[in-house]
Amino acid sequence: MVIYPSNNLTPIYSLVIWDEPNGLGPKVLDFIKPNNNGDRENLKLTLPLALLLLWNLVFAEMEEAKVIENLRSVVFKESESLEGACAKINGYDFNKGVDYSQILKSLLSTGFQASNLGDAIQTVNQMLDWRLSHEQVTEDCSDEEKNPTYRESVKCKIFLGFTSNLISSGVRDIIRYLVQHHMVEVIVTTAGGIEEDLIKCLGDTYRGDFSLPGAALRSKGLNRIGNLLVPNDNYCKFEDWIIPIFDQMLIEQNTQHVLWTPSKVIARLGKEINNESSYLYWAYKNDIPVFCPGLTDGSLGDMLYFHSFRNPGLVVDIVQDIRAMNGEAVHANPRKTGMIILGGGLPKHHICNANMMRNGADYAVFINTAQEFDGSDSGARPDEAVSWGKIRASAKSVKVHCDATIAFPLLVAETFAAKRERKSN
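Residues numbered from 1 in each chain as written. Predicted model: local features only at pLDDT ≥ 70, side-chain atom pairs only at ≥ 80, totals over all residues. Heavy atoms only, no water.

A. The overall build of the protein chain, seen in detail. In terms of regular secondary structure, the protein chain is built from 18 helices and 13 strands. Considering the protein chain as a whole, with its 425 residues, one finds that 42% of them fall into the buried category. Within the protein chain, contacts between residues separated by at least 24 positions form 67% of all contacts whose residues are at least 6 apart in sequence. Surface summary for the protein chain: the accessible area is close to 23,900 Å², and the carbon and sulfur share equals 53%. (Helix = DSSP H or I, 4+ residues; strand = E, 2+ residues; numbered from the N terminus. Buried < 20%, exposed > 50% of the residue type's maximum accessible area, 1.4 Å probe, protein only. Contact = heavy atoms within 4.5 Å. Areas by Shrake-Rupley, 256 points an atom, 1.4 Å probe, with all protein chains shown as cover.)

B. Up close: the side chain of Ser-168. Structurally, the position occupied by Ser-168 is in helix H6 (residues 164–168). Judged by relative accessible area, Ser-168 falls into the buried class, the value being 4%.

C. Expanded view of the nonpolar core. With 73 residues, the main nonpolar core has Tyr-279, Phe-408 and Leu-411 as its most contacted residues. The leading source of residues in this core is helix H10 (residues 233–256), at nine residues. In this structure, Leu-411 is in contact with Leu-117, Ala-120, Ile-121, Val-124, Val-365 and Ile-367, ignoring residues within four places of it in sequence. Residues Val-186, Ile-351, Ala-361 and Ile-391 belong to the second largest nonpolar core, which totals 17 residues. (Core = buried A, V, L, I, M, F, W, Y, C linked by side-chain atoms within 4.5 Å.)

D. Inspection of the sheet that holds strand S7 (residues 206–207) at higher detail. A sheet is described by the order of its strands in space; here three strands give the open sequence S7-S9-S8, paired in antiparallel fashion. Each edge of the open sheet carries a strand with a single partner, namely S7 and strand S8 (222–225). With four bridges connecting them, S8 and strand S9 (residues 228–231) associate as antiparallel partners. Its bridge partner being in S9, Leu-222 is matched across the sheet by Pro-231. (Pairing = 2+ DSSP bridges.)

E. Layout of the pattern of salt bridges. Per the counting criterion, the structure on display carries 13 salt bridges. As a salt-bridge pair, Glu-83 and Lys-88 come within 3.4 Å of each other at their nearest N and O atoms. Overall, Glu-83 belongs to the exposed group, its relative accessible area being 60%. Here Arg-310 ties to Asp-247 by a salt bridge, and the two come within 2.9 Å at their closest N and O atoms. Of this pair, Arg-310 sits in helix H13 (residues 299–310) while Asp-247 sits in helix H10, and the two are 63 residues apart along the sequence. Here Asp-247 falls in the buried class, since its relative accessible area comes to 16%. (Salt bridge = Lys/Arg side-chain N within 4 Å of Asp/Glu carboxyl O.)

F. Local environment of the pairing of strand S5 (residues 157–162). Of all six residues that make up S5, six are buried, and the element is covered over most of its length. Burial of S5 is two-sided: the residues Lys-157, Phe-159 and Gly-161 facing one way and the residues Ile-158, Leu-160 and Phe-162 facing the other way are all buried. Relative to strand S11 (residues 337–342), S5 runs parallel, the two being bridged by six bridges. Along S11, the bridge assignment pairs Phe-162 with Leu-342. In this structure, S5 lies alongside strand S6 (residues 186–189), joined through four bridges in parallel fashion. Directly across from Leu-160, in S6, lies its bridge partner Ile-187.

G. Region of interest: the packing of aromatic side chains. A complete count under the given rule lists six aromatic pairs for this structure. Between the aromatic rings of Phe-238 and Trp-241, the centroid separation amounts to 6.3 Å while the plane-to-plane angle is 20°, which identifies the pairing as stacked. Of this pair, Phe-238 and Trp-241 both sit in helix H10, separated by three residues, roughly a single helical turn. Over the face of the ring belonging to Phe-366 we find Lys-348, whose NZ or CZ atom lies 4.5 Å from the ring centre. The positively charged end of Lys-390 is found above the aromatic ring belonging to Trp-388, 4.8 Å away from the centroid. (Phe/Tyr/Trp six-rings, centres within 6.5 Å; stacked < 30°, edge-to-face > 60°. Lys NZ or Arg CZ within 6 Å of the ring centre and 35° of its normal.)

The structure is reproduced here in C-alpha cells:
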C-alpha cells in the first residue's frame, strides 16, 4: 500500500506486509515513513498497530488539507469589483514632460495626502465655479433672485482664515495676491497675522534654522519663528510707527465719537501702512473685513498696553465685531459660503462658529498638521464640525494633513491663479 499526499506525487508512507518464515506468527509490516531529517525510516510493526498508526496519519493529513483549504479561502477571499466605483491610483508620468498643471491634477489619483490636496483643489474650484443660477428657483425667492442675469452674478462667499506664522512666512505674499484681486470676502486671523504683515513693511524677516539655540539668539536680539529670524529692532520700529496712530485714534474717539472695533482698527492700520506688499493695505482698499477677536494677543497687545499708560482711554469694542462677523455668514443667503482655513486655533473656530449661524458652510477646506486624538478644535476633521452644524451635512469638505506653506501655494496655483490667468487670456 502506498499513500500520496494531496499536493505531491512523491509517496510519504508505504506498507509492506510479510509473514513469519514458519507461517505461524502474526503478520509483520514494514512501515516506511519520512523522519524529521527527510530520510526514510523503516518501522516493523504488527498489523493492528500499523493500521492504527496509518489511520491516525491519514486522518491527520485529511485535517491538514481542510485547514489549508480554509486558510486559502480566508487569504484569497474573493473581491468585490471596484471598477467604475473608485478612481484608479496612478502617478504622473514624466515621460510626458514637465507640465505643472497636469502634475497638480494627478494628485487626485496619487493617494494619501496628495489625494486630499487634490480633493481640496477640486473643492475650491467648486466654490469658485458656483453660481446661484445652478440652483432651482424657489417659490419664496424675491423678484430679483428670479432674474437670470442676477442669478448668474451671485457667487459663493469665501471666508479665509490663517494663523500668524503663515504671515511670517512667504505665504503672506500669496494671501496678499488673493486680497489684492478681491478673491476672498472675509478674513479672520490672529494678532500675529495682523502685526507681522505690518512689521514686514518696516523691516525684513530672514531664514534661519529650527535648531538655532534660543539663548544665543536672545543675546543677539533675534527672535526665532520656526526656521525664520526676526530682528527685535523690527518691533521697535513697529512701536514708533503705531503709537502715533493710536494717539490719533483716541482723539477721534473723543472728538468724533468713533467706536473702535478690532476690524476698524485693522482697517485703519491697513490704510496707514500704505504699502502694496501688505495684504492689510489691499483689504482696506477693497473693503474686505479682517476680523481678529484676539487682537491683544501679540505685539499689538503690547503696544496697546504701553499706550494705555502713556495716553490712556482708547477703547476697542469686541461685541460690535462679533455682530459683524456673524452677520457676514447670516446675511450671505441666497449665496453659498465656503471656508478655507490654514492652521487651527482661533481663526478656524471663529469662521466655523459664524457659519453655524446659517446652519453650516457649503464648502470647507482645512489645511493643518494638528491631530484630533487630543480633542482639540485645531485637529478636528470637517465631520466633527458637521456634528455642530458648522458645516452642512451635504457640504463638500476635506482636510489636508500638511504644512500649509507647502500645500497652499499649490492649491492657489491650480484654483484662484489658474482661473484668473485663463480669464485674462
